[in-house]
Amino acid sequence: MIYYDHLPLDKEILDALNELSINYVFQPIFQADGKTTYAWEALMRPADKTVTELIEEYTRKDKLHVLEVATFFGAMQEFCLRGYPQKVSINSFPSDCMNREEAEAFYDYFGEEIRGKLIVENLEYPYCSADKCQEKSKCVRSMNNMLSIDDFGSGINDLERVELMKPDIVKLDRELISGIDHDEAKQDNVEDLVLKFHSKGMLVVAEGVEEKAEFDYLVGLGVDLYQGYYLARPA
């Protein structure tokens, strides 16, 4: 279980964090050989409910900021304990970001160890705040870290999100990937997206790869990175 008592944060946020009972597991993101790990995505695992239930509860309470802070400090603690040498991808709400004091405490606490190793992965819910995204981008890039957009293809404003956030990485949703080896419409769509994002200097991740045929086809399209049960499950 992740604990927060020792962290250099204000008492109010520490009290809120200590109400949580959560752990983190990690799922690798692979390079195109399917063997070399590029990064590890941290995934929250509450002790007494599902992630969706926890997010819905904290949304109703207007306390999503607590989960934002918990994820950064908690996931990074677990990542450092595991000693992975690659990058770590940490989920972030597009409607929220740590305030200046929290961000400074985060970088001071974890130090140079995370410079160039952190990927901030912006989720597609509950909504996108342009101000928060710009503030987050400035903070992330000041430490030579990266921004990512999760679940591209699952929403109606995906290209607007890309234009707003100007991420380093775009993760294609499973909806675009499933059965792509025998679906011409998906093949054309993903090929166009790969070309578009590569032209902007962005890396493309295929999420939810569950079949060898999907993986092989996506490698042929030039997708950069891969994640899914075909390659590895969270652990």
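See the structure above.
As a starting point, this report considers the structure included with it. (Residues numbered from 1 in each chain as written. Predicted model: local features only at pLDDT ≥ 70, side-chain atom pairs only at ≥ 80, totals over all residues. Heavy atoms only, no water.)

Some points on helix H2 (residues 51-60)
Test applied: Only protein chains enter the calculation, and the probe is 1.4 Å; a residue is then buried if its accessible area is under 20% of its type maximum, exposed if over 50%, and partly exposed in between. Under the scheme used here, helices are H or I runs from DSSP no shorter than 4 residues and strands are E runs no shorter than 2 residues, and both carry numbers assigned from the N terminus. Directions are taken from the helix axis to each C-beta atom, and the arc is the one they span.
Taken as a whole, H2 has its buried residues at Leu 54, Ile 55, Glu 57 and Tyr 58. Relative to the axis of H2, the buried residues are bounded by an arc of 160° and lie together on one face. Looking one or two places after H2, you find Asp 62, whose phi comes out positive at around 55°.

Some details on the packing of aromatic side chains
Stated precisely, the cut-off is as follows: For Phe, Tyr and Trp, rings pair up if their centres lie within 6.5 Å, where Trp contributes its six-membered ring, and each pair is then called stacked (planes under 30 degrees apart), edge-to-face (over 60) or tilted (otherwise).
Under the definition given, this model contains 14 aromatic pairs. Note on Phe 73 and Phe 106: the rings are 5.3 Å apart at their centroids and 90° apart in plane angle, and the pair reads as edge-to-face. Of the two residues, Phe 73 is situated in helix H3 (residues 64-82) and Phe 106 in helix H4 (residues 100-110); the sequence distance between them amounts to 33 residues. The burial state of Phe 73 is the same as that of Phe 106; both residues are buried. Judged by centre distance (5.8 Å) and plane angle (40°), the rings of Phe 215 and Tyr 230 are tilted. Here Tyr 230 lies in the segment after strand E8 (225-226) and Phe 215 lies in helix H9 (residues 212-221), a separation of 15 residues in the sequence. Put simply, the rings of Phe 72, Phe 73, Phe 106, Tyr 107, Tyr 109 and Phe 110 touch in pairs and so form one group of aromatic residues.

Observations concerning the sheet that holds strand E7 (residues 203-206)
What counts, and what does not: In this analysis, strands are considered paired if DSSP registers two or more bridges between them. Working rule for contacts: check all heavy atoms of both residues, and any pair within 4.5 Å makes them a contact. Helix axes are fitted only over the stretch in contact, all axes being lines through C-alpha atoms; the angle between N-to-C directions runs from 0 to 180 degrees.
One closed barrel accounts for eight strands, arranged E1-E2-E3-E4-E5-E6-E7-E8; its pairing is mixed. As judged from the five bridges shared by strand E3 (residues 87-92) and strand E4 (residues 118-122), these two strands associate in the parallel manner. Note on E4: the bridge partner recorded for Ser 89 is Ile 119. Each of E3, E4 and strand E5 (146-152) touches helix H5 (residues 130-142); the most contacted strand, E5, lies at about 130° to it. On top of the sheet, helix H6 (residues 158-165) reaches E4, E5 and strand E6 (169-172); it is set at about 175° to E5, its chief contact.

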